[in-house]
Amino acid sequence: MDALTVAEVRTEVLADPSNPQLLVHVTTEDGMVGVGETWWGTYQPKSEPGTPVLPIAAMIDAVLAPLCLGRDSTDISGIWHHLERQTSQYGAEGIVSTAISGIDLALWDLLGRRREVPVWQLLGSLQHQRVPAYASLHWLGDVEAVRRDATNAIEAGFGAVKLHEADAAIVLGAREALGPDVAIMVDMSGRVDEAGALAFATKVAGADLTWMEEPIYPYDDHATLARVRAQVDIPMAAGENVFSVAGFERLLRSEAIDVLQPDLVKCGGLTPARAIADLADQHGVALCPHNFSLGPSLSANIAWAFTSEATRWVEVPWLSPGQEFPSDTLMPALADGHLIPPTEPGLSG
Ligand SMILES: [Mg+2]
């Protein structure tokens, strides 16, 4: 067997009541290991910790891992297309593309480690010397908790916070506490309809929001989102629930958004990322990668962000006091609220 051949693909569930993680370890015949990560699943407080990621882990363990064994680990595009073709009858989007993303990130990490370069150097040339990062707060539903977490994030070096709230009073309370110089985004996670989105936008008109994210459910109701966008002065953001390049084309053609938020752990990983960034460029929208991890997912987003001209912001999670991620990952270094290009090999920086 060639030293570069994939010898093992192994999933690792990091159980946590609020922030589970699913890591993917790819090992080659020579013993080198790359570590990827995929989506953390929907919040399921009544289930055993780690449960939300189990369906994705099963897709990797039972279907994708055997398809990778014996293949050249440096032929990432070849493996990606093989996995996509062999799983097409499951439906290419959703759990399949999410599972493929975890393996894809592990292969890019492995290649970076093998060549002893950060992954952004494998993707292209540096398009930014620094990229602004925003702290993404959990759903809190309480103005004092929002003020506490937002203030902590600003004190830790961020210049922007994203709230997950659907109550305009909480958003206005946060603006009052943070003052005029902090950028504030609001993610509504599809909790309102068209009328609710318009009413919310009217109430927060004085809050100078950087964007309003996914107000409407279903997430693929682009026509309704486009109508909302046409009627409000706040930029509209979406994309974390799009799972393919074709899906991003549909979203962008609908003229529903100003800010595109692909999530590399849902849309297939770094291999299709160039095509997605090119679409953002062509449609003149800001590329703002979505992420709620401090693991390989965040590192992959940072690598992609630095090599994509359309990048404007990168999302970094911010947890309340007493919460933490189960992996031993660290907050990335910030300089005046900005990320700087990683220097560590693979996705470890
Ligand atoms: Mg969101």
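Not measured: the values here are computed from a predicted model.

K.L.:
Can you help me understand the coordination of the magnesium ion in this one?
P.N.:
Under ideal tetrahedral coordination, the four donors around a metal are separated by 109.5 degrees; under ideal octahedral coordination, the six donors are separated by 90 or 180 degrees. On the protein side, the magnesium ion has Asp187 (OD), Glu213 (OE) and Glu240 (OE) as donor atoms, found 1.9 to 2.0 Å from it. Along the chain, the residues donating to the magnesium ion fall in the pattern D-x25-E-x26-E. Residue glutamate 213 is located in strand β7 (residues 209-213), and its partner glutamate 240 is located in the loop between β8 (236-238) and α9 (245-253); the two are separated by 27 residues in the primary sequence. Comparing glutamate 213 with glutamate 240 shows no difference in burial state: the two are buried.

K.L.:
Whenever I open this one, the packing of helix α5 (residues 143-155) against helix α6 (residues 168-178) confuses me. Can you help?
P.N.:
The angle between the axes and the distance between the axes are what describe a pair of packed helices. Contact pair α5 / α6: the axes reach a minimum separation of 9 Å and the direction vectors enclose 40°. Compared by their axis directions, α5 and α6 come out oblique. The two elements α5 and α6 cross, and the hand of that crossing is right-handed. Residue-level inspection shows Val143, Val146, Arg147, Ala150, Thr151 and Ile154 of α5 in contact with α6, the latter providing Ile170, Gly173, Ala174, Glu176, Ala177 and Leu178.

K.L.:
Explain unusual backbone geometry here, please?
P.N.:
Outside of glycine, negative phi angles account for most residues, and trans bonds account for most peptide bonds. Cis geometry is adopted by the peptide bond preceding proline 218, which originates at tyrosine 217 and carries an omega value of 0°. You can see proline 218 is positioned in the loop between β7 and α8 (222-231). Within the chain, glutamate 116 stands out as a residue other than glycine whose phi angle is a positive 60°. Topologically, glutamate 116 is positioned in the loop between α3 (95-115) and α4 (119-123). The exposed category is assigned to glutamate 116, whose relative accessible area is 66%.

K.L.:
Whenever I open this one, the domain arrangement of the protein confuses me. Can you help?
P.N.:
Often, the extent of an interface is quoted as the loss of accessible area upon association of its parts. Taken as a whole, the protein is organised into domain 1 (6-116) and domain 2 (121-339). Summed over the three residues of domain 1 that lose the most area to domain 2, namely Asn19, Trp40 and Trp108, the buried surface amounts to 28% of that side. The tally of links from domain 1 across to domain 2 stands at one salt bridge. Taken together, the connections running from domain 1 to domain 2 amount to 16 residue pairs in polar contact (both at pLDDT 80 or more). Only β2 (21-28), β3 (33-38), α2 (76-86) and α3 provide two or more residues apiece to the side of domain 1 that touches domain 2. Here the element with the most residues in the side of domain 1 that touches domain 2 is α3; it accounts for ten residues. Along the lines of polarity and charge, the residues of the side of domain 1 that touches domain 2 split into twelve nonpolar, eleven polar and five charged.

K.L.:
For this particular structure, what's the right way to read the environment of tryptophan 39?
P.N.:
Relative to the elements of secondary structure, tryptophan 39 occurs in the loop between β3 and α1 (54-68). As a C-alpha pair, tryptophan 39 and glutamine 21 span 18 residues in sequence and 7.3 Å in three-dimensional space. Each residue touching tryptophan 39, except ones within four places of it in the same chain, is listed here: Leu22, Val53, Ile56, Thr98, Val265 and Lys266.

K.L.:
What should I look at first to understand the pairing of β7 in this one?
P.N.:
Along a regular strand, successive side chains alternate from one face of the sheet to the other. With respect to burial, β7 is a largely interior element, four of its five residues being buried. The sheet contact formed by strand β6 (residues 183-187) and β7 spans four bridges and is parallel. In the sheet register, isoleucine 184 faces β7, and the bridge partner there is leucine 209. Taking the sense of rotation as the criterion, the β-α-β connection linking β6, helix α7 (residues 194-203) and β7 turns out right-handed. Across two bridges, β7 lies against β8 in parallel orientation. Paired with glutamate 213 across the strands is alanine 237, a residue of β8. In this fold, the crossover linking β7 to β8 by way of α8 has right-handed handedness.

Rules used throughout
- Residues numbered from 1 in each chain as written.
- Predicted model: local features only at pLDDT ≥ 70, side-chain atom pairs only at ≥ 80, totals over all residues.
- Heavy atoms only, no water.
- Donors = N, O, S within 2.8 Å, 3.2 Å for Na, K, Ca; no water.
- Helix = DSSP H or I, 4+ residues; strand = E, 2+ residues; numbered from the N terminus.
- Buried < 20%, exposed > 50% of the residue type's maximum accessible area, 1.4 Å probe, protein only.
- Axes fitted to C-alpha atoms, helices over the stretch in contact; angles between N-to-C directions.
- Parallel < 35°, antiparallel > 145°, perpendicular 65-115°, else oblique.
- Left-handed = near helix turned anticlockwise from the far one by under 90°.
- Contact = heavy atoms within 4.5 Å.
- Domains from an automatic or database assignment.
- Buried area = accessible area lost by both parts, 1.4 Å probe.
- Salt bridge = Lys/Arg side-chain N within 4 Å of Asp/Glu carboxyl O.
- Polar contact = N/O pair within 3.5 Å; in protein donor to acceptor, adjacent residues only side chain to side chain.
- Nonpolar A, V, L, I, M, F, W, Y, C, P; charged D, E, K, R; others polar.
- Pairing = 2+ DSSP bridges.
- Right-handed = clockwise from strand over helix to strand, strands pointing away.

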